[in-house]
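One letter stands for each residue in the lines below.
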Amino acid sequence: MINYEPFLSRSAEKMKESAIRKMGGVAAQGRDIISFAPGYPAPELFAWQEFADITRTLLSGSDGAVLQYGPTRGYRPLLETITGLMAARGAVTSIDRLLVTTGSQQGLDLVARVLADPGDAILVELPTYTGAITAFRNTQAYMIGVRQDADGISLDDLDEVWKRQQQVGRRVRFLYVVPNFQNPTGLLISLAKRHALLEWADRRNVLIVEDDPYRDLYFSDAASESDVRPMRSDDASGRIIYLSSFSKTLAPGYRVAWIDAPAPLAAKFELAKQAADLCTGGLDQRVIHQACRRGVLDRQLPILRAHYQHKRDVMVEALRTSLGEILHWPAPRGGFFLWATLPGGLDADAMIGRAVANGVIYVAGEAFFVDDSGRDRVRLSFSAATPERITEGVARFATTVREELDAPRERPRPSVTA
C-alpha cells in the first residue's frame, strides 16, 4: 500500500474536514437525530412549482446555449439583474465589477487565492464562518482573530491586532467580516460601526471582504431594511470586495452567488475562476435569472422572514423553558443561527457523543475560532427543522447539557513546580 503523505502539498497537509459537514454525516446515519448543525434553508419554502415551470421552458430545446458552456463572468442577463439587486441595496455597480460564482464558497476561495500569499495575515472575527477559515487556510496565510462586541467586531482590538502584525513584519491582506446576522453568532454590526470600519480601512490601507448571504433575512421585531445596509453601499474609495448569494433566499442547490469588486480585482478573480471551473452552470444561472425576472424572489422574501422569525421564537422559548437559567445567548435579529454559551465550563466538542446518544446534534463552537478558543460555545441552527422538531430537539439538547453537568469530570492536573 502506497503512503501518499509524502506526495501532498503543504496546503493539503493542513486541510481539515468541515465540522458542519461532519455533523451532517452523523444526521444521515438513519437514526432519529434532530440536527441543529447545518445552516440549510427550509426545503418546504423552495418555490418548487415556479422552478418546475421555469426549467420546463428552459429545457424545451429552443435555445441550445442553455446547456452549453458560458462566459466565465456569468450569464449576461443575470449579471444585469444583479446590478439591479445591488442598486436596491444602495450600491451602484456595473458589469465590469461583477462575477457570478459557484456559490459564495467559491468566491471566498477566489478572493483568498488572488489576494493572499503564504505568510501573509488575514484578519477575521472571533468567531468567524468555518467556510472562510477553510478557504483562507488553503493559502497558507495566517488567520488572526479579532474579538467581537455586542454590536460586532471590536474596533479597538482590530487596530491593536493590525499594529501587532506590522510590528512582526507581516502584511495584512484584508479583513473578512459578515456584518448581517453573522454565521455563527447571529450578530448585526451597527451602522455606526460599519462607517467606522470603512474609515479604519482607509486609514490603515486595508481591503475589506464583506460576506453578505443573510442580508434579506431580517426579523421584523429586531431589525429593518435600514439596519442591513451593506458597507459596500458607503464605500467611496474602493475598499470593499462584496460577496452575496441566492442560496439562502431561492435555493442552495443552484450554487449561484456573486462577487462585486473594483474592476481590476474582478478581472483577476475571473482569471482565477477560469482555472477552477471555467464557468458557473449555465442552466442554474438561467433558472435564477428567470426566478428574479418573474418576481419569485420578491414574493419569497417576506415569507422567508416570517418563517425563520417564527422558528427563532420557537427555539428561544424552548431554550428559556428548559435551560434559561444556565444557558446564555445573544438574541438573533435575523439569519439562521443561535449562538449559546454552555454553563460550568462544559466542552461542546466533548459533549457531542452524549448529544448523539440523546438524538440531537449541533456544531461545537471551537470550529469557528482561529485561536483554539470557543470550546464552551455551540451553534444551533433553527432554519431547517420544523417547529415541532425544534421543540423536541431543544428538549434533547437540554437533557444532554444537564447530564453532562452531572457527569464526573477529570479535575485539571496540578502544576508541578521544581
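Our subject is the structure listed above.
A few points about the pairing of strand β2 (residues 98-101)
Alternating residues of β2 divide into Leu-98 and Val-100 and Leu-99 and Thr-101, and every residue in both groups is buried. Alignment of β2 against strand β9 (residues 257-260), held across four bridges, turns out to be antiparallel. What sits directly across from Val-100, in β9, is Trp-258.

Digging into the environment of Ile-361
Of note, Ile-361 is situated in strand β11 (residues 360-361). Counting along the chain gives 12 residues from Ile-361 to Asp-349, while the straight-line C-alpha distance between them is 11 Å.

Let's talk about the sheet that holds β2
Each strand in a sheet pairs with another by means of backbone hydrogen bonds, the pair being arranged parallel or else antiparallel. Across the sheet, which stays open at both edges, the eight strands sit in the order β2-β9-β8-β7-β6-β3-β4-β5 with mixed pairing between neighbours. The open sheet terminates on both sides in strands that have one partner only, identified here as β2 and β5 (152-153). As defined by bridge partners, strand β4 (residues 142-149) adjoins β5 across two bridges and the pair is classed as antiparallel. What sits directly across from Gln-148, in β5, is Ile-153.

Comments concerning the sheet that holds strand β10 (residues 337-341)
If you trace the three strands from one edge of the open sheet to the other, you get β10-β13-β12, paired in antiparallel fashion. The open sheet has two free edges, formed respectively by β10 and β12 (363-364), since each of these has just one partner strand.

Focus: the environment of Ala-135
Looking at the element boundaries, Ala-135 is found in helix α6 (residues 130-137). When the C-alpha positions of Ala-135 and Glu-392 are compared, they lie 35 Å apart, and in sequence the two are 257 residues distant.

Here we look at the side chain of Lys-273
On the secondary structure map, Lys-273 appears in helix α9 (residues 263-276). Lys-273 gets classed as buried once you look at its relative accessible area, which sits at 0%. Contact partners of Lys-273, with chain neighbours within four places excluded, come to Thr-72, Leu-99, Val-100, Thr-101, Thr-102, Gln-106, Leu-110, Leu-278, Cys-279 and Thr-280.

Observations regarding the side chain of Arg-137
Mapping Arg-137 onto the fold places it in helix α6. Among buried charged residues, Arg-137 stands out as having no salt bridge; its nearest opposite-charge side chain is Asp-372, 7.7 Å away.

Focus: the pairing of strand β3 (residues 121-126)
Regular strands have side chains that alternate between both faces of the sheet. Across the six residues that make up β3, a large majority, six, are buried. Note: β3 against β4, six bridges, orientation parallel. The residue of β4 that forms the bridge with Leu-126 is Arg-147. Note on the crossover from β3 through α6 to β4: the handedness is right-handed. Looking at chain direction, β3 and strand β6 (residues 172-177) are connected through four bridges and run parallel. The residue bridging Ile-122 from the neighbouring strand is Phe-174, located in β6.

Criteria and cut-off values
- Residues numbered from 1 in each chain as written.
- Predicted model: local features only at pLDDT ≥ 70, side-chain atom pairs only at ≥ 80, totals over all residues.
- Heavy atoms only, no water.
- Buried < 20%, exposed > 50% of the residue type's maximum accessible area, 1.4 Å probe, protein only.
- Helix = DSSP H or I, 4+ residues; strand = E, 2+ residues; numbered from the N terminus.
- Pairing = 2+ DSSP bridges.
- Contact = heavy atoms within 4.5 Å.
- Lys, Arg positive; Asp, Glu negative; His and termini not counted.
- Salt bridge = Lys/Arg side-chain N within 4 Å of Asp/Glu carboxyl O.
- Right-handed = clockwise from strand over helix to strand, strands pointing away.

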